[in-house]
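# Geometric and topological summary
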Amino acid sequence: MKTRIFLLAVILVIFGASACKKSSNDQTNSQLSQTESSLKQDYTQAQNYETVLVQRHITPGMTMNDPICKMNDSLFHMNDTSFTIHMQTYCKEMMSDMGMGSNGMMGGGMMGGGASGGMMCNMDSMFMSMKGMTHMTTFKMDSMMESHMKNCPKMGTLNGNVQGYLDNMQTMRKAHMMLHK
């Protein structure tokens, strides 16, 4: 009788633990979806401002000193920055989903092995090092995060939609830089 009660208790604990894990995964997936939606919105809004800016800028004699150009340029950069903030959030959520925790360590160690390419798999350290860099741009920051995710697959990967938004945003950023020359 005691054995049956003990087995029943063990089974209940196992089911309870798996339900908590599923709930945690559902919450993480929901967070990733929300952040992905924010990235899409940031990209779309930046694209809208860039389109207006390009159309205005191609007018003969129009410079970036024009008030409408300045306003659209400012709004582009606001969404550009928001995109990078959401990209960082997405990477941290992905890292958390992969069980790397808030400090980004894997299995108690900070160095990756095998598939990680021997890189330090610690996104938080990368974010801290970026803060000390001069002339850091959103283009560079997002490129570094993408590179880090690709070189350290144990941290997770960017899904197809997020990779597409990032690729398109980087292309638009390159085109935008040409307007300032």
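Residues numbered from 1 in each chain as written. Predicted model: local features only at pLDDT ≥ 70, side-chain atom pairs only at ≥ 80, totals over all residues. Heavy atoms only, no water.

This part covers the overall build of the protein chain. For the protein chain, the helix and strand inventory stands at five helices and zero strands. Its helices and strands taken in sequence order, the protein chain reads α-α-α-α-α from the N to the C terminus. When the 181 residues of the protein chain are sorted by exposure, 33% land in the buried category. Summarising the internal contacts of the protein chain: among those between residues at least 6 apart in sequence, 68% fall at separations of at least 24. Of the roughly 10700 Å² of accessible surface on the protein chain, a fraction of 61% belongs to carbon and sulfur atoms. (Helix = DSSP H or I, 4+ residues; strand = E, 2+ residues; numbered from the N terminus. Buried < 20%, exposed > 50% of the residue type's maximum accessible area, 1.4 Å probe, protein only. Contact = heavy atoms within 4.5 Å. Areas by Shrake-Rupley, 256 points an atom, 1.4 Å probe, with all protein chains shown as cover.)

At a closest axis distance of 10 Å, the pairing of helix α2 (residues 67–97) and helix α4 (residues 138–151) adopts a crossing angle of 20°. Taken as axis vectors, α2 and α4 run roughly parallel relative to one another. Every pair of crossing elements has a handedness; the one defined by α2 and α4 is left-handed. Facing Asp80, Thr81, Phe83, Thr84, Met87, Gln88, Cys91 and Met94 of α2, the residues of α4 in contact are Thr138, Met141, Asp142, Met145 and Met149. Of the residues contributing to the contact of α2 with α4, the split by class is seven nonpolar, four polar and two charged. (Axes fitted to C-alpha atoms, helices over the stretch in contact; angles between N-to-C directions. Parallel < 35°, antiparallel > 145°, perpendicular 65-115°, else oblique. Left-handed = near helix turned anticlockwise from the far one by under 90°. Nonpolar A, V, L, I, M, F, W, Y, C, P; charged D, E, K, R; others polar.)

Of the residues in the protein chain, 65% reach a pLDDT of 70 or more, and the chain-wide mean stands at 76. Put simply, helix α3 (residues 123–131) is where the protein chain has its lowest mean pLDDT, 58, and helix α5 (residues 160–179) is where it has its highest, 94. In the predicted structure, residues 102–120 sits below a pLDDT of 50 and forms 36 contacts with residues beyond four places in sequence or in another chain. (pLDDT = per-residue confidence, 0-100.)

Looking now at the side chain of threonine 138. With respect to the secondary-structure elements, threonine 138 resides in helix α4. Contact partners of threonine 138, with chain neighbours within four places excluded, come to Asp80, Thr81, Thr84 and Arg173.

Taking 1.5 Å per residue, 20 residues should reach 28 Å; α5 reaches 29 Å between its end C-alpha atoms and fits that length. Buried residues of α5: Val162, Gln163, Tyr165, Leu166, Met169, Gln170, Met172, Arg173, His176 and Leu179, and no others. The N-cap residue of α5 is asparagine 159: its side-chain oxygen and the backbone nitrogen of asparagine 161 are 2.9 Å apart. (Expected span 1.5 Å × (residues − 1). Polar contact = N/O pair within 3.5 Å; in protein donor to acceptor, adjacent residues only side chain to side chain.)

With 31 residues, α2 should reach 45 Å at 1.5 Å per residue; the first-to-last C-alpha distance of 45 Å fits that figure. Backbone nitrogen of isoleucine 68 and a side-chain oxygen of the N-cap are separated by 3.2 Å at the start of α2; the cap is aspartate 66. After α2 finishes, the residue glycine 99 shows a positive phi value of roughly 80°.

Applying the stated criterion to the full structure yields four salt bridges. Ionic pairing is found between aspartate 66 and arginine 56, a salt bridge with its closest N-O pair at 2.9 Å. Here arginine 56 lies in helix α1 (residues 2–57) and aspartate 66 lies in the loop between α1 and α2, a separation of ten residues in the sequence. Taking the relative accessible area as the measure of exposure, arginine 56 reaches 27% and is therefore partly exposed. Residues aspartate 142 and arginine 173 are paired through a salt bridge, measuring 2.7 Å at the closest nitrogen-oxygen approach. A residue pair is termed long-range when its members are at least 10 positions apart, and aspartate 142 in helix α4 and arginine 173 in helix α5 qualify at 31 residues. When its relative accessible area of 0% is taken as the criterion, aspartate 142 is described as buried. (Salt bridge = Lys/Arg side-chain N within 4 Å of Asp/Glu carboxyl O.)

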